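# Structural characterization, general
Residues per chain, in single letters:
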Amino acid sequence: MAADRMTSELAGLLNSPEAARVGAVLVIDQDALVANWRAMAALASGAECAAVVKANGYGLGDVAVASALWQAGARSFFVADIEAGMRVKKALPASRTIVLHGVPAGTETDLTEQGLIPVLSSLAEIGRWGTHARRLGRHLPAFIHIDTGMNRLGLPPGELDRLCNDPENLLAGIDLQGWMSHLACADDPLNPFTAEQLRRVRAALARLPKAPVSLANSAGIFHGADYHFDLVRPGIALYGANPAPWLPNPMRPVVRLLARILQVRDVAPPDTVGYDATHRITAPGKVAALGMGYADGYPWSLAGKGMAMVGGHPAPLIGRVSMDLLTVDVTSVPDHQLQVGGWVDIIGPHRDVDQVAKEAGTIGYEVLTRLGSRYHRIYVGG
């Protein structure tokens, strides 16, 4: 995210009536989002590059994200559930929208009426989808997930054997869009299980009917062409977090989170700050209250560890993280940058998603997907 361009663009946008009504805003750089998708597509140039927009587009808005990437050339989108699939498909009727959670019993008609494609993870789902197809008198599209060691979703070994032994009958009525599996340890380049999963995929494919294959997630794309097959599924890489932690982050930052200064006050010993009086003032200074908290997805674990940036000056988080408020030490911030109603960076040019996640003892995925619904979202670029 180009900090200088964003600053000039935000100057007007942050004065909008919508921004005035909230305590924090989330800025999404669509140019960076598109650049990240194109970078992933270039790394896997022999394969189709889909886009994973589950968890409401990793917190950024699934329809907005998918629409920007559609304009850039993406045609296949993976979502978690049918509700999300319906939103994306309504916005992009010509897209191939794929539902990772498959076909919950009783939802067969919902999927077909909306033109959604399920990922089938068990023989029961395969049978239910095939029966529905035959009832309609046509073949219905689906991906089939093979479990290669994660033990979450996907055909377990016993069911895979049954499918390999009788594919013609078990796949009756299904328009097979592809086989897929999911890598468990791709973000660790030294873990041998990634290569073992590739071996298991190849062993299964040797026994199954020919169809396109999808294996690589964001990190998997960086393991090279052996993992790309016909379709890659980048997720976290699109949104700016580092998909390959063994490398300097190759992705452009996509999000900037700013909180409003609600109040600035002078403090002095023996004052305390926040719930349980956990922070004690040891010298005269200034404290600012910011208009966001854990109800907005800001990790409660960052109490005493988080950091805001005020005009380039660090402002350490002090006291508890409250539901709707943060308190930061702004003693070192010049007075002219401490205007009530002004904005401070929580995630931005000086502190990216991965840094915030590290301080909170979590991962960038969680920081992004917990970005709250109360933020006013501002889309720039694109």
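Below or above, wherever it landed, is the structure these notes cover. Treat the numbers as computed from the prediction; the structure is a model and nothing was measured.

With that settled, the discussion passes to a nonpolar patch on the surface. Judged by side-chain polarity, Tyr294, Trp300 and Met323 come together as a nonpolar surface patch covering roughly 330 Å² of accessible area. Among the structural elements, Met323 can be located in the loop between strand 16 (313-316) and strand 17 (326-329). Met323 gets classed as partly exposed once you look at its relative accessible area, which sits at 43%.

What follows concerns the nonpolar core. Core analysis: the biggest nonpolar cluster contains 110 residues, and Leu69, Phe77, Leu290 and Ile346 have the highest contact counts within it. Considering each element in turn, this core owes the most residues, 6 residues, to helix 5 (residues 62-72). Dropping the residues within four chain positions of it, Ile346 is found in contact with Leu257, Ala259, Leu290, Met292, Tyr298, Met307, Ala308, Leu326, Arg351 and Val356. If you look at the next biggest cluster of nonpolar residues, it comprises 10 residues, including Leu10, Leu14, Val25 and Trp343.

Let's shift gears to the environment of Leu120. Structurally, Leu120 can be placed in strand 6 (residues 117-120). Residue class for Leu120 comes out buried when judged on its relative accessible area of 0%. As a C-alpha pair, Leu120 and Val267 span 147 residues in sequence and 60 Å in three-dimensional space. The contact partners of Leu120, leaving out residues within four places of it in the chain, are Val103, Glu125, Ile126, Trp129, Ala142, Phe143, Ile144, His145 and Ile174.

Along helix 9 (residues 157-165), the residues classified as buried are Leu160, Leu163 and Cys164. Down the axis of helix 9, the sector holding all buried residues measures 100°, keeping them to one side. Exposed residues on helix 9 whose side chains face more than 90 degrees from its buried face are Arg162 and Asn165. Next to the buried residues of helix 9 lie helix 8 (123-136), helix 10 (167-170), strand 8 (174-180) and helix 11 (193-205).

What follows deals with the side chain of Ser95. With respect to the helices, strands and loops of the structure, Ser95 is situated in the loop between helix 6 (82-91) and strand 5 (96-99). Engagement of the side chain of Ser95 in a polar contact is seen with the side chain of Thr97, the distance being 2.8 Å. Setting aside residues no more than four positions away along its own chain, Ser95 makes contact with Trp70, Arg75, Phe77, Val88 and Lys89.

Thresholds, definitions, all that
Residues numbered from 1 in each chain as written. Predicted model: local features only at pLDDT ≥ 70, side-chain atom pairs only at ≥ 80, totals over all residues. Heavy atoms only, no water. Patch = residues over 30% accessible without salt bridge, like charges linked within 9 Å, V, L, I, M, F, W, Y side chains within 5 Å. Areas by Shrake-Rupley, 256 points an atom, 1.4 Å probe, with all protein chains shown as cover. Salt bridge = Lys/Arg side-chain N within 4 Å of Asp/Glu carboxyl O. Helix = DSSP H or I, 4+ residues; strand = E, 2+ residues; numbered from the N terminus. Buried < 20%, exposed > 50% of the residue type's maximum accessible area, 1.4 Å probe, protein only. Core = buried A, V, L, I, M, F, W, Y, C linked by side-chain atoms within 4.5 Å. Contact = heavy atoms within 4.5 Å. Arc of directions from axis to C-beta. Polar contact = N/O pair within 3.5 Å; in protein donor to acceptor, adjacent residues only side chain to side chain.

Read these as spatial facts, not as claims about activity.
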